[in-house]
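Notes for the structure review
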Amino acid sequence: MRKLIKGGIIVNEGRSYQGDLIINNSLIEAVMEGETSRSDYDEVIDATGCFVLPGIIDEHVHFREPGLTSKADIESESRAAAYGGVTSYFDMPNTVPQTTSMESLEDKFERASRESHVNYSFFYGATNENVEEFQQLDVHRIPGIKLFMGASTGNMLVDRKESLERIFKSAADLDLPVMTHCEDTNLINENMSKAKAEFGEDPDIKQHPIIRSAEACWNSSKLAAELAAKYGTHLHIAHITTAKELQLAAENITLEAVIAHLYFCDKDYATKKALIKCNPAVKSESDRDALRKAISDGRIACVGTDHAPHEWEKKQGGCAKAASGMPMLQFSLVSMLELVDEGVLSIEKMVELMAHNPARLFKIKDRGYLREGYKADIAIVQPDNSWTVTKEIIQSKCKWSPMEGHTYNWQVVGTFVNGHLIYNRGSFDASSQGEALRFRD
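Remember, it's a predicted structure, so these values are computed and weren't measured experimentally. (Residues numbered from 1 in each chain as written. Predicted model: local features only at pLDDT ≥ 70, side-chain atom pairs only at ≥ 80, totals over all residues. Heavy atoms only, no water.)

1. Digging into the packing of aromatic side chains
How we decide: Two rings from Phe, Tyr or Trp (for Trp, the six-membered ring) form a pair when their centres sit within 6.5 Å of each other. Planes less than 30 degrees apart are called stacked, planes more than 60 degrees apart edge-to-face, and all others tilted. Put simply, DSSP H or I for four residues or longer makes a helix, DSSP E for two residues or longer makes a strand, and each gets a number counted from the N terminus. Residue burial is assigned from relative accessible area. The probe radius is 1.4 Å, only protein chains are included, and a residue is buried under 20% of its type maximum, exposed over 50%, and partly exposed in between.
Following the criterion strictly, the structure yields 18 aromatic pairs and no others. On the numbers, 6.1 Å between centres and 85 degrees between planes, the contact of Phe123 with Phe362 is edge-to-face. Here the residue Phe123 occupies a position in the loop between β8 (119-122) and β9 (124-125), and Phe362 occupies one in the loop between α11 (347-361) and β15 (378-382), the gap between them amounting to 239 residues. Judged by relative accessible area, Phe123 falls into the buried class, the value being 0%.

2. Remarks on the nonpolar core
For the record, the criterion: The criterion is simple. A nonpolar core is a set of buried Ala, Val, Leu, Ile, Met, Phe, Trp, Tyr and Cys residues joined through side-chain atoms within 4.5 Å. Contacts are assigned to residue pairs with any non-hydrogen atoms lying within 4.5 Å of each other.
Grouped together as the largest cluster of nonpolar side chains are 104 residues, with contacts concentrated most on Ile295, Met336 and Met350. Those residues in contact with Ile295 that lie beyond four places of it in its chain are Ala257, Leu262, Ile300, Val303, Met336, Val344, Leu345, Lys349 and Leu353. Listed in part, the 17 residues of the second largest apolar core include Ile5, Ile28, Ile380 and Val413.

3. Considering helix α4 (residues 185-199)
We count it as follows: Expected span, for any helix, means 1.5 Å times one less than how many residues it has. Arc definition: it is the arc formed by the directions from the helix axis to the C-beta atoms. Under this definition, polar contacts are N or O atom pairs within 3.5 Å; protein pairs additionally need one hydrogen-donor-capable and one acceptor-capable atom, and for neighbouring residues in sequence, both atoms have to be side-chain atoms.
When the terminal C-alpha atoms of α4 are compared, their 20 Å separation across 15 residues agrees well with the 21 Å that a helix rising 1.5 Å per residue should span. Looking only at α4, the buried set comprises Thr185, Leu187, Ile188, Asn191, Met192 and Ala195. Summarising the axial view, the buried residues of α4 lie within an arc of 155 degrees, below the 170-degree limit, and thus occupy one face. The exposed residues of α4 that point more than 90 degrees off its buried face are Asn186, Lys194 and Ala197. On its buried face, α4 sits against α5 (208-211) and α6 (214-231). Capping of α4 at its N-terminal end is provided by Asp184; its side-chain oxygen lies 3.1 Å from the backbone amide nitrogen of Asn186.

4. As for the confidence of the model for the chain
Heads up, the condition is: pLDDT is a per-residue confidence score from the predictor, ranging from 0 to 100.
Looking at the chain as a whole, its pLDDT mean stands at 96, while 99% of the residues score no less than 70. The lowest-confidence element of the chain is strand β4 (residues 43-46), averaging 95 in pLDDT; the highest-confidence one is β15, averaging 99.

5. Re α6
Here α6 is 18 residues long and its end C-alpha atoms lie 26 Å apart, about the 26 Å a rise of 1.5 Å per residue gives. Those residues of α6 that sit buried are Ala216, Cys217, Trp218, Ser220, Ser221, Ala224, Ala225, Leu227 and Ala228. Packing partners of the buried residues in α6 comprise β10 (145-149), α3 (161-174), β11 (178-182), α4, β12 (235-237) and β13 (253-258). One or two residues past the end of α6 sits Gly232, with phi positive at roughly 70 degrees.

6. Observations concerning the environment of Lys363
Take Lys363: it is sitting in the loop between α11 and β15. For the pair Lys363 and His140, spaced 223 residues apart in the sequence, the C-alpha separation amounts to 9.3 Å. Discounting residues that sit within four places of it in the chain, Lys363 has contacts with Asp175, Pro358, Arg438, Phe439 and Arg440. A polar side-chain atom of Lys363 sits 3.0 Å from a polar atom in the side chain of Asp175.

7. Examining the sheet that holds β11
For the record, the criterion: In this analysis, strands are considered paired if DSSP registers two or more bridges between them.
Taken in spatial order, the six strands line up as β9-β10-β11-β12-β13-β14 in an open sheet, and their pairing is parallel. Lying at the two open borders of the sheet, with one neighbouring strand each, are β9 and β14 (302-304). In this sheet, β12 lies alongside β11 in parallel orientation, the contact comprising three bridges. Counted as the bridge partner of Met179 is His236 from β12.

Okay, structure coming up:
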């Protein structure tokens, strides 16, 4: 089945130009500057006045399945992804059970094959005990190893130096990236004890970036960088929050920023309260501004979401009681396009951060670019088309967002997954299923 996306502004590989794009079944047949020659198509999509982008690849989500499906599940969150122009995701291992065994990994793939509307893969979680199992991993199916070097769920906190050394060495031997959550747990616990002594058992949410401090992030990120340098491991530090950590960027050390830390700062706790509570914490305005500069100048390689839904009632309270994490997947692309409008970065750079670089750094096969022969994963966005986030619009199972009430100037009007128009101006094809991603082929 041949389809023509006609008359849009194509944004791809550092250029923007008016052109047409031809899809043949699941693949891109041609990307053409200017108009195509006349031909017969099964479907013509008029993209006049719109921008045609590679589908967004979010390399950092928590879809909560299995075991935590009261918060979210693969079906609901992959639907939210499609509504937001996100065509592929990497899910994190801190589910129940944790994705720290071959059986739990296979279970996730099987669930996604039935339930995911967009393309998928899963990080394998490291623990203090499971390094030997890395040799059993199929490196063509997963993006890498996820390592929690900070307070986490159950036994996923890896705090033994010997285990950390073995994880970094084994990952390097397998050419698998290690994606780290870096916070110094001991320092955080000390800071929480001090805050409780001064402010009571549930300190006000404004204390969150003081408890989960910049120092806690730096101590842990610096250790991860030293281990990566020692073993030649590709280290991908997740959700960078501080200006100081930006100096760690190196040839084998890549940095991720997430929407929450690019969009919000500590001043926003006054109005958003625990809705923007996440780990690591949203920090100072100067830190946020440093991150914004770094997404433009190349020190930050990828922008993801750390999409992490919770039930509404679990988000109430302060530093001790309110759950950490927020759903941002549906609104990540339009939030970044808002930063484009503000002059923070160019639309070409945004596409690099959210599509090209995740594909390049994790060596995803045939995705992340608008190229002949690549999978037709495409987002179509329209500027000057204002709309407001309401509860009814939110697709995530938790049915809340820190962006509720916010008015955007850009709108996702079409999402193609493997050549199929899954989302089209408010209409959603619930029968559409994504594919398992391939790596290093």
